[in-house]
Amino acid sequence: MRNPFKSKAFVVIACVLGSMSASAQDEDEAASVKVGKDGNVRVKAPGTTIEARDGSARVRGGGVDIQANGAAARDDDDAAETTSQSEGSLELVDSDRTVKHDCGEGGKVEIVGSSNQVILTGTCEYIEVTGSENKVSAHTVRRIETTGSDNNVVWKQGPQKGKRPRISNTGTNNRISQAR
């Protein structure tokens, strides 16, 4: 049986003392935690890796690879903010944010979280919404995919005049509609 106090104590000690590493084995599972002198953290377990470095986080496991850059989407005092990134792409992995973003000519947008309000201008190649209760408004979009629940995605126009975007809704209680 694991002693949860030992693992929590290690994390606190690692944060205070600096660079450290530890590993544990419980039955058939091996896990390790490494904390670098620069504050970077890496947690490994069978089939899963979590890394935090320089304000970014990456989670890999079960066929999923999610990376979030802490500077990708911020809000100051809940005011709407324009987010600019190269190539017009946006990854928002957060909750309760208000973000304005310009997709340029073909940017890709991924929203993971809940209760976000996202306004997209330009032409978005792809919008993926995973999470719940997000509200997304897009000017022009080629493809929309929702896999979460209770999300609302409104688009003004498809990739060409008179064409609708390709829509995939595998989530529950999502509403995807054209602005009127």
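Residues numbered from 1 in each chain as written. Predicted model: local features only at pLDDT ≥ 70, side-chain atom pairs only at ≥ 80, totals over all residues. Heavy atoms only, no water.

1. Some thoughts on the overall build of the protein
Argument step 1. Each helix and strand counted, the protein has one helix and 14 strands in total.
Argument step 2. For the protein, with 180 residues in total, the buried portion stands at 28%.
Argument step 3. Taking all contacts inside the protein whose residues are at least 6 apart in sequence as the whole, residues at least 24 apart take part in 9%.
Argument step 4. Element-wise, carbon and sulfur atoms account for 47% of the exposed surface of the protein, whose accessible area totals about 11,500 Å². (Helix = DSSP H or I, 4+ residues; strand = E, 2+ residues; numbered from the N terminus. Buried < 20%, exposed > 50% of the residue type's maximum accessible area, 1.4 Å probe, protein only. Contact = heavy atoms within 4.5 Å. Areas by Shrake-Rupley, 256 points an atom, 1.4 Å probe, with all protein chains shown as cover.)

2. Let's talk about the nonpolar core
Argument step 1. Counting residues in each nonpolar core, the largest one holds 18 residues, and the members touching the most others are Val109, Ile111, Leu120, Cys124, Ile127 and Val136.
Argument step 2. Elements that contribute at least two residues to this core include exactly strand 8 (90-93), strand 9 (98-114), strand 10 (117-132), strand 11 (135-146) and strand 12 (152-157).
Argument step 3. When residues in this core are grouped by element, the largest group, five residues, is from strand 10.
Argument step 4. Apart from the residues lying within four places of it in its own chain, the contact partners of Cys124 are Cys103, Gly107, Val109, Thr140, Val141 and Arg142. (Core = buried A, V, L, I, M, F, W, Y, C linked by side-chain atoms within 4.5 Å.)

3. Some points on the state of the cysteines
When the sulfur atoms of two cysteines share a covalent bond, that bond is a disulfide.
Argument step 1. Scanning the model with the defined rule gives one disulfide in all.
Argument step 2. Note on cysteine connectivity: Cys103 is disulfide-linked to Cys124, with sulfurs 2.1 Å apart. Between Cys103 and Cys124 the sulfur-sulfur dihedral comes to about 75°; the bridge is accordingly right-handed. One end of the pair, Cys103, is in strand 9; the other, Cys124, is in strand 10, and 21 residues separate them in sequence. (Disulfide = S-S within 2.5 Å.)

4. Here we look at the pattern of salt bridges
Argument step 1. Evaluated as defined, the whole model comprises two salt bridges.
Argument step 2. When the shortest N-O distance is used, the salt bridge between Asp94 and Arg97 registers 2.8 Å.
Argument step 3. We note a salt bridge from Glu125 to Arg142, for which the minimum N-O separation is 3.6 Å. Linking Glu125 in strand 10 with Arg142 in strand 11, this pair joins segments that are 17 residues apart in sequence. (Salt bridge = Lys/Arg side-chain N within 4 Å of Asp/Glu carboxyl O.)

5. A word on the environment of Val118
Argument step 1. Following the sequence through the fold, Val118 ends up in strand 10.
Argument step 2. When its relative accessible area of 2% is taken as the criterion, Val118 is described as buried.
Argument step 3. For the pair Val118 and His101, spaced 17 residues apart in sequence, the C-alpha to C-alpha distance is 7.6 Å.
Argument step 4. Residues in contact with Val118, not counting those within four places in the same chain, are Leu92, Val99, Ile111, Lys135, Val136 and Ser137.

6. Remarks on a nonpolar patch on the surface
Argument step 1. Together, Val43, Ile50 and Val59 line one region of the surface with nonpolar side chains, adding up to about 200 Å² of accessible area.
Argument step 2. Following the sequence through the fold, Ile50 ends up in strand 4 (residues 48-53).
Argument step 3. The partly exposed category is assigned to Ile50, whose relative accessible area is 39%. (Patch = residues over 30% accessible without salt bridge, like charges linked within 9 Å, V, L, I, M, F, W, Y side chains within 5 Å.)

Such coordinate-based values are descriptive only and should not be taken to indicate function.
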